[in-house]
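# Structure at a glance
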Amino acid sequence: MTDPFVETRNLTKTFYEESRGEVRAVDSVDLTCRSGEILGLLGANGAGKTTTLRMLSTVLRPTSGEAWVMGHEVRKDPERVRENLGFYSASTALYPKITARETLRFFAQVNRFPRERIEARIEELIDRFGIGDFANSRVEKLSSGMKQKVSIARTVAHDPPVLIFDEPTVALDVLNAIELRQIIGRLRDEGKAILFSTHIMSEAEQLCDRIAIIHQGRILAVGTLDELRKSTGHHYLEEIFVHFARVRDPSEAEVESLRRDRP
Amino acid sequence: MRLTVPIRAVFGLEIRTLLRDPRTLLISVVLPIVLIPAILIAGDWIESREARATEALSFRVAVEGDRVDLARALLLRVGDETPPGAGRDPTSRFQFVDLEEPGEALADARIDVVLHAMDYGTWMRGVEDGSVDPGPGGPPGEFDGAPRLQILFHSDRTSSREGAQALRRHLLDIREVRRDSILLAAGFPVPTDEVLVVESVNVAPPEAMEGAQLGRFLTLILLGLMTLGGSAIATDTLAGEKERGTLNTLLTSAARRQEIITGKLLAIMAVAFAIALIQILNLWLFLGLGIVDVGGALAVRIPPEAALLLLVLYLPAVALVSGVLLLTSAYARSYKEAQLYLTPVLLALVLPAAVPMLPGISLQSAILLVPIANLGVAVRDLLMGDIHIPSVMTAWAVTALAATWVTRRCVLAIQDENLLLGDRSQEEHTGGEGLFRKQVLVWVLVLWGVKILWDFNIPVQDLRWASLLGVGLVFGLFPLVVIRRFRLEPRRALALRMPHPGVWAGVLLGVPAGILTVLGVFQLVDTVVPVPTEMMESLGQALTPEAIPVWQLLIFVALVPGITEELTFRGVVLYGLRRRFGPVALALVVGLIFGIFHFSLFRIPTTATLGVILTAVTLLTGSILPAMVWHTLNNAAAVLASRDMLPGIDSEWLAEGVGWGWSVSGLVALGVAFAVIWRFRTPYPEVGPPRVG
Ligand SMILES: Nc1ncnc2c1ncn2[C@@H]1O[C@H](COP(=O)(O)OP(=O)(O)OP(=O)(O)O)[C@@H](O)[C@H]1O
Ligand SMILES: [Mg+2]
């Protein structure tokens, strides 16, 4: 088997906050993601998904532990890491005053895509993501569906082997969400290694090859849906998720069930 | 440095964004372009109108007294009595009005001046029964027997003041001519070798004068416009991007942090530079080619080489302004916040640019080490045709170095997680201490802006009111506002705790020791940048005017600042900053902040020293009370000393510098005082950055 494109070992991030003191937002996380695979990070709000992905994209520095993208360590070689990945999140905004085409050119350039191939690459992206009709319109004039297409195109502008999607569908309507999932599926088929975070169970079920359940900064379980089903005896991902969350935190689960038992 | 593809891409993006936003373009580029000519033309227009108005201005004069005839004769018989060179016929400026009650008319502003002409006898009688003011000489004096002319006016009205002045000058001239002609008529030839003729002739070459005029404010204008213009792009760039979420995208791209900052910095610089260029071209076009005819002070000729040299000189200033703007944007978490910072930043940048306006500042002094100010002075010298190449090059290098340092801070700022993650918004709404810790510097900057606006725009003549409002109200209200806004716990935020009783011994010893130490610092400053004596005197007068009784001075100069300034600086400001620095750095920072609130350049080092001492005491005792007592006693001692009321201490001795021996002894005693305080210390809680595992 080939080396994984993404790998983390004991990746940990601690924040300090006045009200809560030290927060272990990410706690000793070990993950791998290979070429042609979508790894789902499934967790509730505040579970540590964004923090993990931000460490992988070198925006945050790990408190301890290591992470590699295409063999480059995030702390030692952050620029090479970023060259090899594209980051997309629901809040990923575009520059309003430039056109779609200029956006793609800008991101190809800042990501050091070979200069002589940039123009050809832009045409290819415009073609592939159906941007042709509005390639020369300013981003501020586009509809949100159009912006979403431009956003994805700019994420892959430099053709990186690793793609990170942080809850990409939260702000989308159903049709746009479906389209986005289809696009992500196709990117996987091209051999990209894809990290995909979500708190929506059905989305993880449909799209992800393997699922990592993350809760309070820790990975509680990793595996394909089948493996998770076997190990827990539950069928639905929701039940599986609750199963692990309870095991992790029995006292909390008890309080929860007590509360539910009350009339 | 190589201009890599990412740098050029970022640069291009910023410039495109600017050019495609008509509003920003208007504010940052078009407005400055038309501003200078508009100012010049308007100034020209106002000046010529004013000149015409002054010329047209005549004064209404009423004549009274038993020698009205003499007064009229003097004022009307000017044809042969106007002294040579007096210019236009002065009688034309006086318009006589016949009135029953000239005194009342003067009070009602129906006339400007009253000329009261009396015989000597009348005058004497008037003085005796109190109906006539004896005048400055008092009775009797020189020229007993001569008629008296008194000019009555109201000093609170410009027209009256100026009318009286013009009338007095005119009468004096006539008196002189009359005396000479009487002497001559009586057969006394005026011995020319014993008469002094005094004339003043301005021999400065015209270029120097005009250059000095222009050079004094050119830097100020350019810097102000560059800051305003550059800010349009700067606030939008990092702060705006945090808000829109594009910064996160940019930071996950392969571009290096350095490249991103360089690209953005170059874009701001391009705008600022374009503005500087346009202004210099403007000046050259409008003044050099004489499109606007601004006679006199502004009529300076700037040869093209000089204009070019000016641009080169301003280059590091352009870089520094751009860097500071970018840094501000990097520290702000939103577009709005960046705009909030803008006023104080503008002031901070413009203040050194105003240095060339100060009289007597030479480039061969400590000013050489102050970025921007040094270039301003260099430009002034250049325009006067007086350049000292090594100093100019040093000035250039110092400012360039400062710009490099600021740029480096920008790079660090976009790597700082706490500054980056502008999206942690829950806390933003709930308020609380954590939020205050994040915003404390902004609040301090705003307070600084308020204080500066207050001090320079609200002239309060009476020291007592100035102290109550400008110090008591401003620094007393600030802690209250902050405590309310962030719902802080007042006792903790203001460090209202009782210190160990032993601390007071240290404070009592520390006050005189501190004064000697601060005086030592003052001497040190004085050897580096000589402090003008007039400044010292006027400062002393401002602080302890004669007319106010000592007990009131003790309240307004000692107690009010001693309490309210402490509540602000050793209270909430220290509380808000305590997590950011270790104790030593914290004392320095709070001390310096305290210093910059005393706007006079020469007072900053001394007040900052006092500030550091007071902060150190607060940090050691965990209480604001010793600092309040210390501060009050310190100011009280200064008040008493200025009135020579401290036994055995002469105010001259303090004012002239106590000498190094005393200040070193003071420093040693201060060490002892601090040893005592250390002995009984109960340290300020939670100082220094929290430890993260
Ligand atoms: N900059 C920060 N400072 C302090 N605490 C933080 C910071 N960023 C995140 N946290 C905390 O770390 C934990 C993990 O947050 P994270 O944003 O990674 O969760 P998430 O799984 O992405 O949740 P969501 O579904 O809400 O996006 C949370 O408790 C959060 O409050
Ligand atoms: Mg998240």
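Residues numbered from 1 in each chain as written. Chains lettered and ligands numbered in written order. Predicted model: local features only at pLDDT ≥ 70, side-chain atom pairs only at ≥ 80, totals over all residues. Heavy atoms only, no water.

On to the overall build of chain B. Scanning chain B from N- to C-terminus turns up 26 helices and four strands. Relative to its full complement of 693 residues, chain B shows a buried share of 46%. Pairs at least 24 residues apart make up 80% of the contacts formed inside chain B by residues separated by at least 6 positions. Accessible surface, chain B as shown: approximately 34100 Å² in total, 65% of it carbon and sulfur. (Helix = DSSP H or I, 4+ residues; strand = E, 2+ residues; numbered from the N terminus. Buried < 20%, exposed > 50% of the residue type's maximum accessible area, 1.4 Å probe, protein only. Contact = heavy atoms within 4.5 Å. Areas by Shrake-Rupley, 256 points an atom, 1.4 Å probe, with all protein chains shown as cover.)

All names here are of chain A. With mixed pairing, the six strands of this open sheet are ordered in space as β6-β7-β8-β3-β9-β10. Each end of this open sheet is capped by a strand with a single partner; those strands are β6 (85-89) and β10 (218-223). Direction aside, neighbouring strands of the sheet carry axes that sit 15° apart on average. In this sheet, strand β8 (residues 193-198) lies alongside strand β3 (residues 37-42) in parallel orientation, the contact comprising six bridges. Residue pairing across strands places L41 opposite S197, the latter belonging to β8. (Pairing = 2+ DSSP bridges. Axes fitted to C-alpha atoms, helices over the stretch in contact; angles between N-to-C directions.)

It is worth spelling out helix α17 (residues 463-486) of chain B at this point. Residue and element names in this part refer to chain B. With 24 residues, α17 extends 33 Å between its outermost C-alpha atoms, agreeing within 8% with the 34 Å of an ideal straight helix rising 1.5 Å per residue. At G472, α17 is bent by approximately 30°, the largest bend along its length. Of the residues flanking the end of α17, it is R487, one or two places downstream, whose phi is positive at about 50°. (Expected span 1.5 Å × (residues − 1). Bend = angle between axes of the 7 residues up to and from the residue.)

Take the sheet that holds strand β3 (residues 113-118) of chain B next. All names here are of chain B. Across the sheet, four strands lie side by side as β2-β1-β3-β4; this open sheet has mixed pairing. What marks the edges here is a single partner per strand, and that holds for β2 (94-97) and β4 (148-152). Along the sheet, successive strands turn relative to each other by an average axial angle of 30°, direction set aside.

Let us now look at the interface of chain B and chain A. Chain B puts 38 residues into the contact, and the matching count from chain A is 37 residues. Interface area for chain B against chain A, summed over the two sides, is near 3500 Å², with a carbon-plus-sulfur share of 54%. Among the residues of chain B in contact with chain A, B:R20, B:T252 and B:A254 are the three that bury the most area, contributing 19% of the side total. Viewed at the interface, chain A and chain B are joined by four salt bridges. Where A:E102 meets B:R16, a salt bridge forms, and the shortest distance between an N and an O atom there is 3.4 Å. Linking chain B with chain A are twelve residue pairs in polar contact (both at pLDDT 80 or more). Sorting the residues of the side of chain B that touches chain A by element identifies α1 (5-19), α7 (206-244), α8 (246-251), α9 (257-288), α14 (417-420) and α16 (433-457) of chain B as the ones contributing at least two each. Examining the composition of the side of chain B that touches chain A, we find that eight residues originate from one element, α1(B), more than from any other. (Buried area = accessible area lost by both parts, 1.4 Å probe. Salt bridge = Lys/Arg side-chain N within 4 Å of Asp/Glu carboxyl O. Polar contact = N/O pair within 3.5 Å; in protein donor to acceptor, adjacent residues only side chain to side chain.)

Residue and element names in this part refer to chain A. Of the positions making up helix α4 (residues 118-128), those classed as buried are I118, R121, I122, L125 and I126. Here the buried residues of α4 occupy an arc of 135° about the axis, which is enough to place them on one side. α4 presents A120 and D127 as exposed residues on the side facing more than 90 degrees away from its buried surface. On its buried face, α4 sits against α3 (100-110) and α5 (144-155). The first or second residue beyond α4 is G130, which carries a positive phi of 65°. (Arc of directions from axis to C-beta.)

Right, let's get into the confidence of the model for chain B. Interpretation of this model should avoid reading the predicted coordinates in detail wherever pLDDT is low. Residue and element names in this part refer to chain B. In the predicted model, chain B carries a mean pLDDT of 80, and the fraction of residues at 70 or more is 81%. For residues 295-299, every residue scores under 50 in pLDDT, and the model assigns this stretch ten contacts once sequence neighbours within four places are set aside. Taken together, the chains of this predicted complex give a pTM of 0.65 and an interface ipTM of 0.89. (pLDDT = per-residue confidence, 0-100.)

What follows covers the packing of helix α12 (residues 373-383) of chain B against helix α13 (residues 389-413) of chain B. Residues and elements named next belong to chain B. Between α12 and α13, the shortest axis-to-axis distance is 8 Å and the interhelical angle comes to 150°. It follows that α12 is roughly antiparallel to α13 by the angle criterion. Here α12 runs over α13; the crossing is left-handed. Contacts from N374, L375 and A378 in α12 reach V392, A395, W396, V398 and T399 in α13. Across the contact of α12 with α13, the residue classes break down as six nonpolar, two polar and no charged. (Parallel < 35°, antiparallel > 145°, perpendicular 65-115°, else oblique. Left-handed = near helix turned anticlockwise from the far one by under 90°. Nonpolar A, V, L, I, M, F, W, Y, C, P; charged D, E, K, R; others polar.)

What follows is about the state of the cysteines. Residue and element names in this part refer to chain A. Per the counting criterion, the structure on display carries zero disulfides over all chains. The thiol sulfur of C208 is not disulfide-bonded, and the nearest other cysteine sulfur, from C33, lies at 9.8 Å. On the accessibility criterion, C208 (12% relative accessible area) is buried. (Disulfide = S-S within 2.5 Å.)

As a further point, take the packing of aromatic side chains. Residues and elements named next belong to chain B. In total, this model carries twelve aromatic pairs over all chains according to the counting rule given. Between Y120 and W123, the ring centres sit 5.7 Å apart and the planes meet at 40°, which makes this aromatic pair tilted. With Y120 and W123 both in helix α5 (residues 120-129) and three residues apart, this pair spans about one turn of that helix. By relative accessible area, Y120 is classed as buried at 16%. You can call W123 buried: its relative accessible area is 1%. (Phe/Tyr/Trp six-rings, centres within 6.5 Å; stacked < 30°, edge-to-face > 60°.)

All names here are of chain A. Summed over all chains, the structure comprises 35 salt bridges over all chains. Here R188 ties to D209 by a salt bridge, and the two come within 2.9 Å at their closest N and O atoms. One end of the pair, R188, is in helix α6 (residues 174-189); the other, D209, is in the loop between α7 (201-207) and β9 (210-215), with 21 residues separating them in the sequence. Its salt-bridge partner being R229, residue D226 comes within 3.6 Å of it at the nearest N-O pair. Of the two residues, D226 and R229 both sit in helix α8 (residues 225-232), three residues apart, roughly one turn of that helix. You can call D226 partly exposed: its relative accessible area is 47%. You can call R229 partly exposed: its relative accessible area is 22%.

So, about the side chain of A:R181. Residue and element names in this part refer to chain A. Looking at the secondary structure, you find R181 in helix α6. Residue R181 is classed as buried on the basis of its relative accessible area of 16%. Discounting chain neighbours no more than four positions away, the residues touching R181 are T169, E203, Q206 and L207.

With that settled, consider the environment of A:R75. All names here are of chain A. Along the chain, R75 turns up in the loop between β5 (72-73) and α2 (78-83). For R75 and M55, which are 20 residues apart along the polypeptide, the C-alpha to C-alpha distance reads 9.2 Å. Setting aside its immediate chain neighbours within four residues, R75 contacts R61, P62, T63, S64 and G65. Here G65 takes part through its backbone oxygen, which lies 2.6 Å from a polar atom of the side chain of R75.

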